There are 2 protein chains.
Amino acid sequence: SANIEADASHCSIKGFPLVRNISELPQDNYGREGLAHITVAGSILHGMKEIEVWLQTFSPGTRTPIHRHSCEEIFIVLKGSGTLYLASSSHEKHPGKPHEHFFFANSTFHIPVNDAHQVWNTNENEDLQMLVVISRPPVKVFIYEDWFMPHTAAKLKFPYFWDEQCLQSPVKDEL
Amino acid sequence: SANIEADASHCSIKGFPLVRNISELPQDNYGREGLAHITVAGSILHGMKEIEVWLQTFSPGTRTPIHRHSCEEIFIVLKGSGTLYLASSSHEKHPGKPHEHFFFANSTFHIPVNDAHQVWNTNENEDLQMLVVISRPPVKVFIYEDWFMPHTAAKLKFPYFWDEQCLQSPVKDEL
Ligand SMILES: [Zn+2]
Ligand SMILES: [Zn+2]
């Protein structure tokens, strides 16, 4: 269908100019209300093998799932503010009550490998805009329903929301 | 000396808070006129193993050396504009005449692994500010004197300018 063709055109690295205007790149919420995600330079879209960069905007109240991953992740906060919930307890049975870390425009922080975390726009009045850098793309995310779910019960979400279309497009469309 | 102690205090990952204000991080030109470099999250300073992020400002006319590296590198242009010179000829004897790619605020581009390149603030009126992401830190850079120097003659600069102090501080200070 025309729809499948349109999807597929986003998934090819061919035809991408070397220098790209970020504001002209595809932006979508990928089914998550309050999110605007742009893959600035990515594994599936642009053939990156070791690093991937996202530009994400969270409207007030929007948050990531509670999750962990074995890749490194760095945040650079461009606008707004929010809260990082971080449970440094990958050696215990479950994440447990997380520590709260407030951050602001011009903050940077990185997530220790395999620590469960959640990023939340806790500012009611402003969008939160961040650049996110990960290693070893595409990202493999384990999602927790709550902070006391055992690590072993966290559910792998792969491909992740924004990688789904291009990694599995034909299969998904035919189901 | 007090000087050495002051240097050393920049080199420890201990005492770094999880959330850091980028504008309070050490900024220096590391001996390169016209450059302002901040390691936002790095291998030597913050214990990153797979990714490193820099915030760099180039005054008008400032440029990187002609260089190559086997890591991946992504640029995100925050302010200003400039020119990327890129020679996609790692299979030939020398880089040769590079292609020119103009970029602007909100541009992104990445450097193909091992391609010789140079980033230049060719805008006479404005500073160029970029976020730079690399894989496999700390960066190992091979520098060319010109575009026709053989790949085999390019000279390894390791540790690179901003990694020098912390990777070799005691040795250097005693020479
Ligand atoms: Zn994460
Ligand atoms: Zn480079």
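For every chain, the first residue of its written sequence is number 1, and the numbers climb from 1 along that sequence. By the order in which they are written, chains take letters starting at A while ligands take numbers starting at 1. It should be noted that, the model being predicted, local features are given only for residues of pLDDT at least 70 and side-chain atom pairs only at 80 or more, the latter also being counted only at that level, while totals for whole chains, interfaces and linings use all residues. Note: side-chain values were computed over all heavy atoms of the structure, leaving out hydrogens and water.

Section: the overall build of chain A
Right, so step 1: Per the secondary structure count, chain A includes three helices and 12 strands.
Right, so step 2: By residue count, 52% of the 175 residues in chain A fall in the buried class.
Right, so step 3: Partitioning the intrachain contacts of chain A with sequence separation of at least 6 by distance along the chain shows that 70% fall at a separation of at least 24.
Right, so step 4: Under the convention used here, a 1.4 Å probe and the Shrake-Rupley method define accessible areas, while residue burial counts only the protein chains that appear. Accessible area of chain A: about 8600 Å², with a carbon and sulfur share of 52%. Going along the chain from the N terminus, every DSSP run of H or I of four or more residues is numbered as a helix, and every run of E of two or more is numbered as a strand. Note on classification: 1.4 Å probe, protein chains only; a residue is buried when its accessible area is under 20% of the maximum for its type, exposed when over 50%, partly exposed between these limits. The criterion used for residue contact is that any of the two residues' heavy atoms lie within 4.5 Å.

As for the coordination of the zinc ion (ligand 1)
Residues and elements named next belong to chain A.
Right, so step 1: The rule for donors is simple: N, O or S, within 2.8 Å of the metal, or within 3.2 Å if the metal is Na, K or Ca. Water isn't counted, so a site may look like it is missing partners. The zinc ion (ligand 1) binds to the protein through H67 (NE2), H69 (NE2), E73 (OE) and H117 (NE2), with metal-donor distances spanning 2.1 to 2.2 Å.
Right, so step 2: Viewed at the metal, the four donor atoms of the zinc ion (ligand 1) are separated by angles of 84 to 170°, and the geometry they form is irregular.
Right, so step 3: Along the chain, the residues donating to the zinc ion (ligand 1) are arranged with the sequence spacing H-x1-H-x3-E-x43-H. Of this pair, H67 sits in strand β4 (residues 66-68) while H117 is found in strand β9 (residues 116-120), placing the two residues 50 residues apart along the sequence. All geometry calls rest on donor angles, where a four-donor set with angles between 85 and 135 degrees is tetrahedral, four- and six-donor sets with opposite donors more than 155 degrees apart and all others between 65 and 115 are square planar and octahedral, and all else is irregular.

Considering the nonpolar core
Right, so step 1: Among buried residues, the Ala, Val, Leu, Ile, Met, Phe, Trp, Tyr and Cys ones that are joined through side-chain atoms within 4.5 Å form a nonpolar core. Ranked by internal contacts, the top residues of the largest apolar core, which has 26 residues, are A:I76 and B:I76.
Right, so step 2: Of all elements in the fold, only β2 (35-41), β3 (51-58), β5 (73-79) and β10 (128-135) of chain A together with β2 (35-41), β3 (51-58), β5 (73-79) and β10 (128-135) of chain B reach the threshold of two or more residues within this core.
Right, so step 3: B:I76 has contacts with A:I22, A:V40, A:V53, A:L131, B:S107, B:T108, B:Q129, B:M130, B:L131 and B:V133, leaving out every residue within four places of it along the chain.

Considering the sheet that holds β5(A)
Right, so step 1: The pairing criterion is simple: DSSP has to find at least two bridges between the two strands. Pairing in this open sheet of six strands is antiparallel, and the strands run β2(A)-β3(A)-β10(A)-β5(A)-β8(A)-β1(B) from one edge to the other. Bordering the open sheet on either side are β2 of chain A together with β1 (20-21) of chain B, each of which pairs with just one other strand.
Right, so step 2: Direction of pairing for β5(A) relative to strand β8 (residues 107-111) of chain A: antiparallel, over a ladder of four bridges. Within β8(A), the position partnered with A:F75 by the bridge is A:F109.

Quick notes on the relation of the copies chain A and chain B
Right, so step 1: The copies were overlaid with a least-squares fit restricted to C-alpha atoms from residues scoring a pLDDT of at least 70 in each copy. Each copy of the sequence occupies a distinct position, and chain A is placed on chain B by a rotation of 180° and an axial shift of 0.0 Å, giving an RMSD of 0.0 Å. What the superposition gives is, in effect, a two-fold axis relating one chain to the other.
Right, so step 2: When the interface residues of chain A are mapped onto chain B, 100% of them again lie at the interface, so the same face is used by both copies.

Here's the deal with unusual backbone geometry
Residues and elements named next belong to chain A.
Right, so step 1: The omega torsion across P137 and P138 is -5°, close enough to zero to call that bond cis.
Right, so step 2: As for its placement among the helices and strands, P138 is situated in the loop between β10 and β11 (141-144).
Right, so step 3: Between F158 and P159 the backbone carries a cis peptide bond, its omega angle lying at -5°.
Right, so step 4: By the secondary structure assignment, P159 is in the loop between β12 (155-157) and α3 (164-174).

Quick word on the coordination of the zinc ion (ligand 2)
Residue and element names in this part refer to chain B.
Right, so step 1: All of the protein donors around the zinc ion (ligand 2) are H67 (NE2), H69 (NE2), E73 (OE) and H117 (NE2); their distances to the metal are 2.1 to 2.2 Å.
Right, so step 2: Read from N- to C-terminus, the donor residues coordinating the zinc ion (ligand 2) fall into the pattern H-x1-H-x3-E-x43-H. With E73 in strand β5 and H117 in strand β9 (residues 116-120), this pair connects stretches of sequence that are 44 residues apart.
Right, so step 3: A relative accessible area of 0% means that H117 is categorised as buried.

Overview of the UniProt feature "glycosylation site" (unreviewed entry) in chain A
Right, so step 1: UniProt positions are given in the numbering used here, feature names are shortened, and annotations may be inferred rather than shown by experiment. UniProt annotation of "glycosylation site" (unreviewed entry) refers to A:N106 when read in the numbering used here.
Right, so step 2: Positionally, A:N106 belongs in the loop between β7 (99-104) and β8.
Right, so step 3: With residues near it in sequence (within four places) discarded, A:N106 still touches A:V77, B:R20, B:N21, B:I22 and B:S23.

A look at the pattern of salt bridges
Right, so step 1: Just to be clear on terms, a salt bridge is a Lys or Arg side-chain nitrogen sitting within 4 Å of an Asp or Glu carboxyl oxygen. Tallied over the entire structure, the rule returns four salt bridges over all chains.
Right, so step 2: Here A:K157 makes a salt bridge to A:E164, at a shortest N to O gap of 3.0 Å.

Considerations on the UniProt feature "binding site: Zn(2+)" (unreviewed entry) in chain A
Residue and element names in this part refer to chain A.
Right, so step 1: The positions that UniProt labels "binding site: Zn(2+)" (unreviewed entry) are, in the present scheme, H67, H69, E73 and H117. Maximum C-alpha separation among the annotated residues is 12.3 Å over a sequence range of 51 residues, consistent with a single clustered spot.
Right, so step 2: You can see H69 is positioned in the loop between β4 and β5.
Right, so step 3: The buried category is assigned to H69, whose relative accessible area is 3%.
Right, so step 4: Not counting residues up to four positions away in its chain, the partners in contact with H69 are V113, N114, H117, V139, K140 and V141.
Right, so step 5: When near neighbours in sequence (up to four residues on either side) are disregarded, H117 contacts T64, P65, I66, H67, R68, H69, E73, L84, Y85, L86, I111 and W147.

Comments concerning the pairing of β5(B)
Residues and elements named next belong to chain B.
Right, so step 1: With respect to burial, β5 is a largely interior element, five of its seven residues being buried.
Right, so step 2: In this sheet, β10 lies alongside β5 in antiparallel orientation, the contact comprising six bridges. Within the sheet, the bridge partner assigned to V77 lies in β10 and is M130.

Things to note about the sheet that holds β2(B)
Right, so step 1: Read across the sheet, six strands follow the order β1(A)-β8(B)-β5(B)-β10(B)-β3(B)-β2(B) without closing on themselves; strand pairing throughout is antiparallel. Whereas interior strands pair on both sides, the edge strands pair on one side only; in this sheet they are β1 (20-21) of chain A together with β2 of chain B.

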